[in-house]
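Observations on the model geometry
Spelled out, the chains give:
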Amino acid sequence: MFKSLKQSASPMMQRTCLLLIILCGVLNAQSCSSWAQSSGATWYDTNSHVVESPHNYCGSHSVDQTYSFSSTSVIGMTVQFDSQSTTESCCDRLVLEYTNSNGQATSQTYAGTGFSDLTMTGRSFTLTFTSDHSVELYGYKFTVTPVFELASSSDSSSISSSGEISRTWYDTLSHVVESSHSYANSEDVRESYTYSSGSVVSMTLSFDPQSETESCCDRLTITYTNASGQPASQTFRGTEFSDLVVSGRTFSLIFHSDSSVVKYGYRFTVTPTEDASSSSTSTGGETAYTWYDTASHIVESSHDYNDNENVQESYTFSSLFVTGMTLHFDAQSQLEDCCDHLTINYTNSNGQSASQVFNGANFSDLVVSGRTFSLIFTSDHSVTKYGYRFTVTPVVNSSDSEIWNDVAVHIVESSHSYFDNQSISQTYSYSSSYVSGMTLRFDPQSETESCCDSLIINYTDSSGQSASMEYRGNNFPDLLISGRSFSLNFSSDHSVVKYGYKFTVIPTIEYGGETWDDVGVHIVESSHDYSNNQDIYERYSYSRNIVAGITLQFDPQSLTENCCDTLTIEYVGTDGSPGFQTYRGSNFSDLIIPSKTFTLHFHSDHSVIYYGYKFTMTPTFAYGGETWSGTGVHVVESSHAYSHLQDVLERYTYSSLLVTSMTLLFDQQSSIENCCDSLTIDYVDSNGNPVSQEYRGTNFSDLIIPGRTFTLAFRSDYSVTGYGYRFSVIPTVRDPRCDGWKSSPGETWSDGLPHTVASIHNYCDNLEIDQVFSYVNEDISSLTLEFNPQSEIAATDYLHMIYQTETGNQVTSTFTGSNFEALTIPGRTFELRFTSDNQTSAFGYVFTVTPTTRCDPWLASTGETWNDTLS
């Protein structure tokens with residue numbers, strides 16, 4: 001090419017072309033350099049990403065890169081190659097190292113052409129590419145698409161480019177939607193929810209009473225279609241969460257929290273309303289259906305279908321026993337011949353992908369290999385017909401086994417109605433060592449031809465012996481099985497067929513864990529670091545009925561492998577519905593359980609291990625008892641005689657702030673079994689320390705309790721009972737006058753007259769009075785304190801007078817009881833300190849303070865008589 005240009009072009013054009021060729025070579029060399037130096041990428045979103053070499057790639061290069069998604073919601077990836085991808089087949093190779101669906105490290109090598117797509121488990125993979133010095137071709141280019149964790153077997157999740165998580169429910173059951181509890185600061189959640197079934201015409205969103213957000217700043221907004229068919233939205237904040245009725249099959253939510261206060265969050269149940277007359281079809285986008293049985297199913301359009309329909313659906317049997325299907329079309333099936341089409345995409349008997357197009361009345365039965373097929377139905381805007389309707393009948397492998405790697409409930413069933421001349425032999429087992437037995441609970445519809453068709457269950461009985469149970473006709477009693485495995489044999493002859501069999505397998509789980517007879521705090525933890533391939537089932541419970549709930553507070557060290565190791569806590573909610581919380585990675589938020597029992601399931605795979613989990617269990621209580629208004633006397637008592645196995649927890653409180661203490665006076669009849677039944681009174685002493693007083697037998701001494709509150713716990717066993725307990729609660733009531741007395745700092749007198757100082761009569765308990773009394777007049781040289789004869793204080797209460805002598809020494813005179821003598825104090829100031837305990841009160845003290853000035857002796861003198869003659 002360059003030679004022809006050189007011959008035909010001008011010298012300037014030749015030089016320009018040469019410069020362009022040199023520049024392209026320099027740019028390509030720079031591109032190859034940055035490509036070879038790149039270590040890969042970490043993607044902080046959940047979008048699809050393109051990974052590619054330079055085109056064409058460079059010779060004599062070696063590339064080693066790692067790519068990963070940061071989001072923990074990603075559990076796998078699909079790799080889809082561009083059709084242009086090609087390398088020198090002999091010498092230039094692309095290798096992808098990743099984790100396969102079995103959790104094992106593996107690799108895939110590509111060279112030449114025909115790069116096949118790939119599915120990976122986990123969130124990261126490694127790419128290596130080497131090229132020699134010879135041929136340089138297009139290279140590689142592929143798109144990495146993340147796969148997200150399924151919420152359950154009946155729903156699926158995806159994330160849009162805007163970050164909105166979309167969930168689709170493939171059943172018509174109620175589902176719970178909730179935030180984390182409590183939610184985190186600065187959350188920004190965007191989610192949409194859809195029922196796939198066309199039979200769902202509306203939904204009711206019922207909020208849990210606990211739902212609460214920070215009223216000023218955190219909000220939940222539901223966007224939906226109202227009853228008029230118009231778009232609408234409802235914003236919730238604070239505690240104002242009212243139920244909501246949504247028209248149609250979809251709604252979306254946005255939840256936003258700021259950086260300050262967090263609350264419980266939101267929790268609501270979505271209950272669908274079905275229209276029995278509508279069919280399970282969907283328009284716009286593919287809808288996936290999964291059948292979890294091996295029964296026959298009907299697939300059909302609406303009759304007559306609508307103009308401009310565009311239905312895309314896929315159907316799958318989950319059971320590995322299904323090896324193929326027969327699609328048998330109803331004779332009424334008909335489409336507009338020219339313009340409306342039904343296309344079935346499936347795998348044929350040779351294992352090849354195939355398609356069959358139907359239109360008009362040309363509907364022939366179809367045999368499908370494997371467990372899945374998809375359909376596309378399109379109609380134009382003109383004539384409509386009956387549509388399509390066909391029965392999908394699975395081909396069930398007559399001899400196979402199924403191993404359940406969980407401890408869930410499973411359904412085993414024949415096709416309904418079963419076929420002639422069937423011979424089925426199947427084995428079912430649980431892999432978990434926590435399963436010790438099973439209950440087979442038969443559906444009431446189960447029936448076989450009584451003479452000739454039979455189901456035989458081979459199992460191990462409760463004594464460890466091999467046994468078998470044969471079922472015929474409609475006699476299908478439930479069956480208890482020991483161990484983790486059973487087999488069945490089903491045979492039918494060539495004559496009458498019936499419904500067949502259907503039963504639920506319910507495992508008996510031998511949980512680890514503990515049941516606590518106390519109400520203390522307990523710690524539950526895994527081994528640190530835990531082991532690979534662990535599968536732990538444990539149940540923890542408080543046996544006492546006074547426990548109303550449990551708070552689980554996780555240790556900050558708790559950590560598991562984010563992708564693959566999980567801790568699941570299952571419990572029963574306040575409304576009786578099951579609840580669960582799954583933890584992985586470092587996301588271990590505290591959990592409040594509204595019952596006294598929960599189960600724990602911990603699973604680890606074969607790869608990385610971490611610290612594990614550790615949490616503290618703190619019980620919460622359901623108190624009985626009373627809060628008393630006023631300051632009256634009340635009686636607290638058990639039933640007489642009390643019952644066996646009682647577990648009583650009660651709290652008693654005076655609401656009046658005038659109550660300073662209580663006296664519990666026990667009835668002399670009080671009596672409980674000495675060995676085994678107990679009454680415990682818990683309270684806080686005057687120093688703020690918790691105190692417990694236990695009573696047994698007939699030893700019921702009276703009790704003085706500081707403050708206004710105490711709790712009572714009474715337990716009895718299953719043997720002897722007695723009269724029980726009975727006591728009167730007598731409050732000690734504070735005199736409001738004492739408040740002013742306590743706060744008085746004393747007095748300063750500016751005159752020279754006598755003054756009276758007195759306590760409150762009768763004074764209050766638990767007092768500490770500190771007052772100073774003083775005269776201003778500097779001519780006052782001393783004070784005389786004379787006590788009223790009524791003055792009296794309790795023997796354990798004290799009055800102190802503190803003053804200074806003429807030489808400056810401090811003196812304290814102490815009074816108690818009724819022994820009050822007059823006291824002369826030098827100077828014109830003294831300090832009074834009075835203390836009373838919570839035992840006995842008395843009249844108090846009253847005394848008069850009389851000042852003496854320096855002039856008083858002179859003024860009191862009447863003169864002198866001298867008996868001598870001296871000057």
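Right, let's walk through the structure included here. None of these values were measured; they are calculated from a predicted model.

**A closer look at unusual backbone geometry**
Glycine aside, negative phi is the norm for most residues, and most peptide bonds take the trans geometry. For the bond from H55 to N56, the omega torsion is -5°, close enough to zero to count as cis. Following the sequence through the fold, N56 ends up in the loop between strand 2 (49-52) and strand 3 (62-69). Here the bond from H181 into S182 is cis, since omega is -10°, no more than 30 degrees from zero. Tracing the backbone shows S182 in the loop between strand 11 (175-178) and strand 12 (188-195). Positive phi values are uncommon outside glycine, yet N308 reaches one of about 60°. One non-glycine residue, N533, lies in positive phi territory at about 55°. Following the sequence through the fold, N533 ends up in the loop between strand 35 (522-525) and strand 36 (535-542). Here N533 falls in the exposed class, since its relative accessible area comes to 55%.

**Comments concerning the packing of aromatic side chains**
A full pass over the atoms with the stated rule returns 78 aromatic pairs. Within the aromatic cluster, the residues linked to one another by ring pairs are W741, W749, Y763, F773, Y775, F787, F815, F820, F830, F834, Y845 and F847. Stacked on the ring of Y623, the Lys or Arg R651 has its end atom at 3.7 Å from the ring centre.

**What to know about the sheet that holds strand 40 (residues 591-593)**
Pairing in this open sheet of four strands is antiparallel, and the strands run 35-42-37-40 from one edge to the other. The strands lining the two open edges of the sheet, one partner per strand, are strand 35 and strand 40. Ignoring which end each strand starts from, the neighbouring axes of this sheet average 25° apart. Summarising the sheet, strand 35 and strand 42 (residues 614-621) pair through four bridges and their orientation is antiparallel. Residue V524 lies in a different strand from strand 42, and its bridge partner there is F615.

**What about the sheet that holds strand 55 (residues 780-787)?**
In space, the four strands of this open sheet follow the order 53-60-55-58, with antiparallel pairing throughout. A strand with exactly one partner marks an edge of an open sheet, and here the two such strands are strand 53 (755-758) and strand 58 (823-826). For this sheet, the mean inter-axis angle between neighbouring strands, taken without regard to orientation, is 25°. Across seven bridges, strand 55 lies against strand 60 (residues 846-853) in antiparallel orientation. Residue pairing across strands places I780 opposite T853, the latter belonging to strand 60.

**Let's talk about the state of the cysteines**
A full pass over the atoms with the stated rule returns six disulfides. Two residues, C90 and C91, share a disulfide whose sulfurs are 2.2 Å apart. Judged by the sign of its S-S torsion, about -95°, the cystine formed by C90 and C91 is left-handed. A relative accessible area of 44% places C90 in the partly exposed class. Judged by its relative accessible area of 28%, C91 falls in the partly exposed class. One disulfide in the model links C563 with C564; its S-S distance is 2.1 Å. Here C563 and C564 share a disulfide; its torsion about the S-S bond, -95°, makes the bridge left-handed.

Reading guide: rules and limits
- Residues numbered from 1 in each chain as written.
- Predicted model: local features only at pLDDT ≥ 70, side-chain atom pairs only at ≥ 80, totals over all residues.
- Heavy atoms only, no water.
- Helix = DSSP H or I, 4+ residues; strand = E, 2+ residues; numbered from the N terminus.
- Buried < 20%, exposed > 50% of the residue type's maximum accessible area, 1.4 Å probe, protein only.
- Phe/Tyr/Trp six-rings, centres within 6.5 Å; stacked < 30°, edge-to-face > 60°.
- Lys NZ or Arg CZ within 6 Å of the ring centre and 35° of its normal.
- Pairing = 2+ DSSP bridges.
- Axes fitted to C-alpha atoms, helices over the stretch in contact; angles between N-to-C directions.
- Disulfide = S-S within 2.5 Å.

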